[in-house]
Amino acid sequence: MNDFRLLCLTTTLMCASCSVGPNFKLPEVLMPSKWKNGGSASTADIPVPGEWWKLFGSAELNRLEERAMANNQELRGALARVETARALVGVQQADWFPQLDMRDAMQYERLSQSAFGANLPAGVTLPKLQRRRYQNLLELGWEIDFWGRVRRNVEASKASQFATMETLSARRLTLAAEVARLYFLTHSLDRQMDVVMSTQTWREEALKLQESRFKGGLANEMDVARAKTELELARNDLAALERQRGNAENALAVICGEIPSNFHVAKSSALPRPPKVPGGMPSTLLQRRPDIRAAEQKMREANAKIGASQASFYPAFAINGTGGLESIGTMHFYDQRSRVMTIGPSMTLPFFQGGRLKANLKAARASYDDTLASYRQAILVALQEVEDSMIDAKAYAKQAASLDAAISAAQETQRLAELRYQKGLASYFEVVDANRTVLNAKLLAAQVEGQRLFTTVAMLKALGGGWQ
């Protein structure tokens, strides 16, 4: 009958249990209704594809992205952290269930003759004071989650797991963007090298011409020296570009998980035109940006920990018990008279903790405020990144158009300078200066084309990259 009442009491406590602390509510964030530069950046209210790099139409880039997703070591580390967080959820969930342990022990004891003998009547012979105690026990412990402490800890652990998963998505997005950026940087440098090599070829011919004219008495030593100077400057520019390309290729190898000495990107000066970027409304960033979703999950975790801290102020209920065999000596260890058992409910009430519980609660609330500020900051940074990429896309498009016109004008200037020089109406300095202007304009145009692609990649990353 008593056991039945105990079972009923336990069931009632479990059914009536609740979770103290605040339930999570996503804070309100004022979002703009539209992008400030959305029209000029040609964004549309359509979803970003998950494999957004395929918008560029490069089979080589697609292969590099696949290699990076499969072999990048930092990404593998992030995957391991997700598995760790998932396992820790199981650690917290274990507190929901009874904990059963087995304990085997053998202890040597010696009782105090003066202490034990003082409690015996006069003339009674003392028992054996040296003995061995043997135990074979099952120990049961089960905390009844009356105030929701376990539930809040499980909730916090799950939120931590989801935050780690979103951080993994953010890492994938950053990795994909970096692969694309380095890939386009490599080929942008290839285009710049083509420009410099073309200029170098022209300057080699110009040097030969000046040396021939000097031998014929039609040019002076200064013209020959100036032609040599311009040729060596072109060779210097080419060496610098080769160094930059090598560094970019090595960096691309590392993030693809490859050994740099075995990794090569085929040279190509062909760059794709920046694709039209699917955008969406500003509010969609809250669902698409993995870093914002990770910040939200960290808020959930901190909020749940407030509840767990509040639950520590209340009595803790548990059912504890032991059962098994215990005896002095081994002779009757397995007899029925060696059986022992204890079972029953217990309550622990924190009475004086020196301010520890209040300090823990204060720290939990401050931690939540920290995650709230981080969440709002993540949204502001996301909005800034999108707006910046839209401004950059607009500016680089204007620069590309201006540089095309500048190249045409500079080439015409060079043609006229060469014609004037051949007729003796201008010095060779004008020809060199015109050629240098053509080179600089072409190099700038190649750099801007690369920057337009970098900006498109940055915009896709800022918009969330389509990761689910």
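Anyway, here's the lowdown on the structure attached to this text. (Residues numbered from 1 in each chain as written. Predicted model: local features only at pLDDT ≥ 70, side-chain atom pairs only at ≥ 80, totals over all residues. Heavy atoms only, no water.)

The next thing to look at is the overall build of the chain. Broken down by element type, the chain carries ten helices and four strands. N-terminal to C-terminal, the α/β element order of the chain is α-α-α-β-α-β-α-α-α-α-β-β-α-α. Taking 2.2 N^0.38 as the reference for a compact globule, 468 residues should give roughly 23 Å; the C-alpha atoms of the chain span a radius of gyration of 38 Å, well beyond that estimate. In the chain, which comprises 468 residues, the proportion classed as buried is 39%. Sequence-distant contacts, at least 24 apart, represent 84% of the contacts inside the chain between residues at least 6 apart. Accessible surface, the chain as shown: approximately 26,300 Å² in total, 56% of it carbon and sulfur. Separation between the mean location of the 58 positive side-chain charges and that of the 49 negative ones in the chain comes to 5 Å. (Helix = DSSP H or I, 4+ residues; strand = E, 2+ residues; numbered from the N terminus. Rg over C-alpha atoms; globule rule 2.2 N^0.38 Å. Buried < 20%, exposed > 50% of the residue type's maximum accessible area, 1.4 Å probe, protein only. Contact = heavy atoms within 4.5 Å. Areas by Shrake-Rupley, 256 points an atom, 1.4 Å probe, with all protein chains shown as cover. Lys, Arg positive; Asp, Glu negative; His and termini not counted. Charge placed at Lys NZ, Arg CZ, Asp CG, Glu CD.)

This part takes up the pairing of strand β2 (residues 130-144). When a strand is regular, its side chains alternate between the sheet's two faces. Pairing between strand β1 (residues 99-110) and β2: twelve bridges, direction antiparallel. Among the inter-strand pairings, M102 is bridged to a residue of β2, identified as L138. Strand direction decides the pairing type here: β2 and strand β3 (residues 316-328), joined by twelve bridges, are antiparallel. Bridge assignment links G141 to a residue of β3, and that residue is N320. (Pairing = 2+ DSSP bridges.)

What follows is about the packing of helix α5 (residues 149-215) against helix α6 (residues 221-255). Put simply, α5 and α6 touch, their axes get as near as 8 Å, and they point 165° apart. Between α5 and α6, the angle falls in the class roughly antiparallel. Handedness of the crossing formed by α5 with α6: left-handed. (Axes fitted to C-alpha atoms, helices over the stretch in contact; angles between N-to-C directions. Parallel < 35°, antiparallel > 145°, perpendicular 65-115°, else oblique. Left-handed = near helix turned anticlockwise from the far one by under 90°.)

Moving on, we come to the sheet that holds β1. Taking strand neighbours across the sheet as the criterion, the four strands line up as β1-β2-β3-β4 in an open arrangement whose pairing is antiparallel. The sheet is open, and its two edges are formed by β1 and β4 (339-348), each paired on a single side. Put simply, the sheet's adjacent strands are angled 20° from each other on average, direction ignored.

A separate point is the packing of aromatic side chains. For the coordinates displayed, the defined rule picks out seven aromatic pairs. Taken together, a centroid distance of 4.9 Å and an interplanar angle of 55° make the contact between F56 and F184 tilted. In this pair, F56 sits in the loop between α1 (2-16) and α2 (59-71) while F184 sits in helix α5, placing the two residues 128 residues apart along the sequence. Here F56 matches F184 in class, with each residue buried. (Phe/Tyr/Trp six-rings, centres within 6.5 Å; stacked < 30°, edge-to-face > 60°.)

To continue, consider the nonpolar core. Ranked by internal contacts, the top residues of the largest apolar core, which has 55 residues, are W52, F56, L61, V179, F184, L252 and I292. Every element with two or more residues in this core is listed here: α2, α3 (73-93), α5, α6, α7 (285-288), α8 (290-311), α9 (356-422) and α10 (428-462). In terms of residue count, the dominant contributor to this core is α9 (eleven residues). Counting residues in each nonpolar core, the second largest holds twelve residues, with A206, V224, A417 and Y428 among its members. (Core = buried A, V, L, I, M, F, W, Y, C linked by side-chain atoms within 4.5 Å.)

A few words now on the packing of α6 against α10. Interaxial distance between α6 and α10 falls to 10 Å at its minimum, and their mutual angle equals 10°. Considering the angle they form, α6 stands roughly parallel to α10. Between α6 and α10 lies a crossing of right-handed hand. Touching D223, R226, A227, E230 and D237 of α6 are Y428, F429, V432, R436 and L439, all from α10. Counted by class, the contact of α6 with α10 contains five nonpolar, no polar and five charged residues. (Nonpolar A, V, L, I, M, F, W, Y, C, P; charged D, E, K, R; others polar.)

Here we take up the environment of R337. Mapped onto the elements, R337 comes out in the loop between β3 and β4. The exposure class assigned to R337 is exposed, which follows from its relative accessible area of 61%. R337 sits ten residues away from S327 along the chain, and the two C-alpha atoms are 8.8 Å apart.

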